[in-house]
Amino acid sequence: MIRRLTAALAAPLLVLLLSPPAQARAAESYVALGDSAAAGPLIPNQVLPDLGCLRSDRNYPRLTAQAIGAASFRDVTCSGAKTRDMYERQNTELGSVAPQLDALRPDTTLVTVHIGANDVGLTGFIEDCLNLLPPPVGDACNDDYRTPDGQDSWRVKTDALRPTLVRLAGDIRARSPQARIFMVGYATYARPDGCYPRVPIIRQDANYIRATLQYFNQMLAEQAAAAGIGFIDLQTPSVGHDPCASTGTRWIEPYVPASPAAPFHPNALGMRNFATIVTSAVNAAR
């Protein structure tokens with residue numbers, strides 16, 4: 001009986017010993033493209049090269065690279081970047097930087113791209129909505145963004161960006177045909193009705209900012225699908241972590257930051273959480 005049991009156990013063990021080992025996942029060659037939402041302006045520590053890009057060594061691309069054990073990592077995210085800066089040199093306060101697509105290689109296996117907000121001027125739009133006095137003394141900023149024919153100017157600019165993003169995805173794929181490409185959306189910058197006066201954006205404008213960003217993120221998701229690349233949603237998981245949230249809870253800083261970060265940009269806590277979200281999406285898609 002013991003001899004038969006030993007033989008029964010030995011047979012599958014022998015098969016395991018003789019079988020070739022399962023192929024290990026190759027470490028990623030990761031390139032991060034994007035604007036300040038990815039770069040992390042003013043989050044310590046700001047790094048060289050390209051100091052004018054205001055790029056943090058604690059931004060979500062770098063934290064993601066560490067989490068996935070990337071074999072190589074090139075972070076060329078740069079504050080103020082527009083889609084044209086993927087192709088052309090970008091001018092910063094401390095000199096110009098190379099086109100971001102120059103970082104791509106034929107052996108690149110992973111690309112995240114976080115771009116588009118500066119093309120339509122969303123950061124300036126939020127800054128314009130600062131309102132120290134509520135109505136009727138202070139006017140709602142959403143009244144200022146109508147085209148002569150009555151359309152919403154932000155939606156017009158958002159829609160005009162659609163073919164540019166599809167083209168960008170194709171150009172990334174042409175340079176790095178092995179790469180898995182992910183377009184990353186933008187976080188929640190305003191909660192319903194806002195929290196005036198803690199964040200001095202009145203209710204109408206807070207709702208307008210929220211609706212505008214939702215439309216913009218939906219456009220990004222649609223264009224990612226049209227281009228056959230992945231989309232990573234940061235808006236949904238960041239609900240409740242907007243600039244109205246308390247210090248230690250919020251991922252996006254308000255007009256007067258309490259943590260080292262640019263106004264209405266991610267802080268270090270936000271970057272850590274974004275890295276968790278991006279890492280999970282990247283691993284799930286393997």
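Residues numbered from 1 in each chain as written. Predicted model: local features only at pLDDT ≥ 70, side-chain atom pairs only at ≥ 80, totals over all residues. Heavy atoms only, no water.

Time to look at the overall build of the protein. On a plain count of helices and strands, the protein comes out with nine helices and seven strands. Expressed as a percentage of the 286 residues in the protein, the buried residues total 47%. The contacts of the protein with a sequence gap of at least 6 include a subset with a gap of at least 24, amounting to 69%. Looking at the protein as shown, the accessible area adds up to about 13,700 Å², and 57% of this sits on carbon and sulfur atoms. With 26 positive and 26 negative side-chain charges, the protein shows a spacing of 12 Å between the two charge centroids. (Helix = DSSP H or I, 4+ residues; strand = E, 2+ residues; numbered from the N terminus. Buried < 20%, exposed > 50% of the residue type's maximum accessible area, 1.4 Å probe, protein only. Contact = heavy atoms within 4.5 Å. Areas by Shrake-Rupley, 256 points an atom, 1.4 Å probe, with all protein chains shown as cover. Lys, Arg positive; Asp, Glu negative; His and termini not counted. Charge placed at Lys NZ, Arg CZ, Asp CG, Glu CD.)

Before going further, it helps to examine the nonpolar core. Among the nonpolar cores identified, the biggest contains 69 residues, and Phe125, Ile172, Tyr189 and Phe274 are the most heavily contacted of them. The contacts of phenylalanine 125, once residues within four sequence positions are left out, are Cys141, Tyr145, Trp154, Tyr208, Ile209 and Thr212. (Core = buried A, V, L, I, M, F, W, Y, C linked by side-chain atoms within 4.5 Å.)

We now examine the environment of cysteine 195. Checked against the element boundaries, cysteine 195 lands in the loop between β6 (180-184) and α8 (203-227). It is 25 Å that separates the C-alpha atoms of cysteine 195 and asparagine 118, two residues lying 77 residues apart in sequence.

With that settled, consider α8. Compared with an ideal rise of 1.5 Å per residue, which puts 25 residues at 36 Å, α8 spans 36 Å between its outermost C-alpha atoms and is within 8% of the ideal. In the stretch just after α8, glycine 228 is the one whose phi turns positive, near 75°. (Expected span 1.5 Å × (residues − 1).)

The subject of this paragraph is the environment of glutamine 46. Relative to the assigned elements, glutamine 46 resides in the loop between α2 (36-39) and α3 (60-68). Look past the residues within four positions of glutamine 46 in its chain and what remains in contact with it is Gly40, Pro41, Leu51, Leu54, Arg55 and Ser56. A distance of 3.1 Å separates a polar side-chain atom of glutamine 46 from the backbone oxygen of glycine 40. (Polar contact = N/O pair within 3.5 Å; in protein donor to acceptor, adjacent residues only side chain to side chain.)

Before going further, it helps to spend a moment on the sheet that holds strand β1 (residues 29-34). An order of β2-β1-β5-β6-β7 is seen for the five strands of this open sheet, with the pairing classed as parallel. At either margin of the open sheet sits one strand with a lone partner, and together these are β2 (72-75) and β7 (230-232). When the angles between neighbouring strand axes are averaged without regard to direction, this sheet yields 20°. When β1 meets strand β5 (residues 110-114), the two strands line up parallel, connected through five bridges. Bridging from a neighbouring strand, valine 31 pairs with valine 111 of β5. The strands that α8 touches are β6 and β7; relative to β7, the one it contacts most, it runs at about 160°. (Pairing = 2+ DSSP bridges. Axes fitted to C-alpha atoms, helices over the stretch in contact; angles between N-to-C directions.)

Attention now goes to the packing of helix α6 (residues 153-160) against helix α7 (residues 162-175). Contact geometry for α6 and α7: axes closest at 4 Å, N-to-C directions at 30°. Here α6 is positioned roughly parallel relative to α7, judged by the angle of their axes. Residues Thr158, Asp159 and Ala160 of α6 form the contact with α7, whose participating residues are Arg162, Pro163 and Thr164. Looking at the contact of α6 with α7 residue by residue, the class counts come to two nonpolar, two polar and two charged. (Parallel < 35°, antiparallel > 145°, perpendicular 65-115°, else oblique. Nonpolar A, V, L, I, M, F, W, Y, C, P; charged D, E, K, R; others polar.)

Quick look at unusual backbone geometry now. Omega for the bond connecting proline 44 with asparagine 45 falls within 30 degrees of zero, at 0°, which places this linkage in the cis form. Its place among the elements puts asparagine 45 in the loop between α2 and α3. With an omega of -5°, the peptide bond running from leucine 48 to proline 49 counts as cis. Within the secondary structure, proline 49 sits in the loop between α2 and α3. Although it is not a glycine, aspartate 50 adopts a positive phi angle of roughly 60°. The residue leucine 54 is not glycine, and still its phi comes out positive at about 55°. Mapping leucine 54 onto the fold places it in the loop between α2 and α3.

Across the interface, α3 lies against helix α9 (residues 268-284) with an axial gap of 8 Å and an inter-helix angle of 50°. When the interaxial angle is binned, α3 and α9 end up oblique. For the element pair α3 and α9, the recorded crossing hand is right-handed. Contacts between α3 and α9 involve Tyr60, Leu63, Thr64, Ala67 and Ile68 from the first element and Met271, Arg272, Phe274, Ala275, Val278, Thr279 and Asn283 from the second. Looking at the contact of α3 with α9 residue by residue, the classes come out as eight nonpolar, three polar and one charged. (Left-handed = near helix turned anticlockwise from the far one by under 90°.)

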